[in-house]
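Here are the chains, one letter per residue:
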Amino acid sequence: MKKVSFLLALAMMLSLTAVASADATTVTVWVSDGAESVIYGEMFDDFNAKHEGEIVVDDQYFAQDELLNKLQTAPIVGDTPELIIIDGLQIPYFQDLDMIACLDDYIPEEMKSDVISSVWAENTYDGSIYGVAQFDSGMGLWTRRSILEQIGARIPTSYTEAWTLEEFEDILAKCKEIGYEYPLYIRQNKVTSLYFNWMPVIASFGGDYLNRDTMTATGTLDGEGTIAAYEWMKKMIDEGYVNPACDYEDAFYGREEAAFSMLGHWKYSDHVGAFGDDAIIVPMPDFGGGVYTCSGSTVDVMTTAAVERGKADAAWTVLEALMSPEYITMVCNVNGGVPARSSVMDSMEQWQEGGRLYLYREQLEAGISYLRPITPAHSTVYNAVANVCTNVIAGGDPAEELHEAAEYVDEIIYENGWNIE
């Protein structure tokens, strides 16, 4: 009898668990697979454990192109998720399709005041907030203190002390003299990333991708400042400072053929792992029009499908948890990104003045980050710029390449009505 009673009790317990699970709201999240995927999995597992019987996150991961394709067909198929984790520059496109929900009524004042302004800038479109983000990007030049000391170069610790263009070119020449075959690595092996990495150079030369008033390309993408920025890229290649045949990531931290790596936070662990405390960040040079960094990151958005299904509150509970100091710290400890909340940075030594990553924070808080154009035409501009970079690295004429790109981009923009009258 005892055995039967035990089995009956066990069956009843499992039945109650099943009922509780059935009562839980499932929130499906589609994630653009990347460096943070593993930590996302850990966060969502932790969230599910803390909200057992209430909310269950079903996190699914896809390569970026696959995810974008799935999202474009999701309204037709009927499988749109409640949440999406994507590149922030996709917000305008999906907002234009009425697929993502405005978050203005959900974000508490405490969060608004604690999150750094560059994060809100990226998540704001048409006057409203459509996403949140756990981190922003840090962008500068990675180098080694020992190299700069060897050639007698001054070491800027703030963007206010950045090298001039002349200083930087002199430093590159001295690095070549002491044995660095190609002193500058700009990630020329992955031209799509140059859409982000080259933005501070373009801004400092006085250029841009789009006219921010009209959101069109002609006269800006092929304007004098942008052409000058790409002419400098060609100059660095022609004079042997950048290796146009580079097809690898480790020119700086592995092969040590480069003395500088023009990259952001995402290679933090590789740089520090290779050189320890000798690895340092210095600001981008002033190319004549001021010092800039670049801003932008992965963002978390709620879909209009979540609202239509009555799951908006549950979806916001997940987003609010992702923006907690605990989860932000988990992500930033992995990818080296700039924590979205000032309170989190205040609690971490590397983000304090004098800390290894403080320059990233200083630049964003100073408002010198240049955000790529927030437009539904993002993918069009992104692909056009990648094509320009490919051709310039291969020896193409910057002015011709940019003029052709500007014409192509504007044709798409006008066709879709994405310009501002």
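Let us look at the structure shown here. (Residues numbered from 1 in each chain as written. Predicted model: local features only at pLDDT ≥ 70, side-chain atom pairs only at ≥ 80, totals over all residues. Heavy atoms only, no water.)

To continue, consider the side chain of Asp 114. In this structure, Asp 114 sits in helix H5 (residues 109–114). A polar contact of 2.6 Å, which involves the side chain of Asp 114, links it to the side chain of Ser 343. Excluding anything up to four places from it in sequence, Asp 114 contacts Ala 340, Arg 341, Ser 342 and Ser 343. (Helix = DSSP H or I, 4+ residues; strand = E, 2+ residues; numbered from the N terminus. Polar contact = N/O pair within 3.5 Å; in protein donor to acceptor, adjacent residues only side chain to side chain. Contact = heavy atoms within 4.5 Å.)

Oppositely charged side chains may form a pair once their charged atoms are brought near each other. On inspection of all chains with the given rule, the structure shows 21 salt bridges. When the shortest N-O distance is used, the salt bridge between Lys 50 and Glu 326 registers 3.0 Å. Residue Lys 50 is found in helix H2 (residues 37–50), and its partner Glu 326 is found in helix H15 (residues 325–335); the two are separated by 276 residues along the sequence. A relative accessible area of 42% places Glu 326 in the partly exposed class. With a closest N to O distance of 2.8 Å, Asp 346 and Arg 361 form a salt bridge. Of this pair, Asp 346 sits in helix H16 (residues 342–346) while Arg 361 sits in helix H17 (residues 358–365); the two residues are 15 residues apart in sequence, bridging distant segments of the chain. We classify Asp 346 as partly exposed; its relative accessible area is 48%. On the accessibility criterion, Arg 361 (9% relative accessible area) is buried. Where salt bridges share partners, they join Arg 187, Glu 249, Lys 267 and Asp 270 into one cluster. (Salt bridge = Lys/Arg side-chain N within 4 Å of Asp/Glu carboxyl O. Buried < 20%, exposed > 50% of the residue type's maximum accessible area, 1.4 Å probe, protein only.)

What characterises a pair of aromatic rings is the spacing of the ring centres plus the angle enclosed by the ring planes. What the rule picks out here adds up to 17 aromatic pairs. With a centroid separation of 4.7 Å and an interplanar angle of 15°, the aromatic rings of Tyr 195 and Tyr 209 are classed as stacked. Here the residue Tyr 195 occupies a position in helix H9 (residues 194–197), and Tyr 209 occupies one in the loop between helix H10 (199–204) and helix H11 (224–238), the gap between them amounting to 14 residues. For the pair formed by Tyr 195 and Tyr 209, the shared burial category is buried. When the centroid spacing of 5.0 Å and the interplanar angle of 65° are considered together, the rings of Trp 232 and Phe 287 count as edge-to-face. Placement of the pair is Trp 232 in helix H11 and Phe 287 in the loop between strand S10 (279–282) and strand S11 (293–295), with a sequence separation of 55 residues. Linked through ring pairs, Trp 163, Phe 168, Trp 198, Phe 205, Trp 232, Phe 260 and Phe 287 together constitute an aromatic cluster. A cation over an aromatic ring shows up here: Lys 176 above the ring of Tyr 182, its NZ or CZ 5.6 Å from the ring centre. Sitting over the ring of Tyr 248, Arg 255 keeps its end group 3.5 Å from the ring centre. (Phe/Tyr/Trp six-rings, centres within 6.5 Å; stacked < 30°, edge-to-face > 60°. Lys NZ or Arg CZ within 6 Å of the ring centre and 35° of its normal.)

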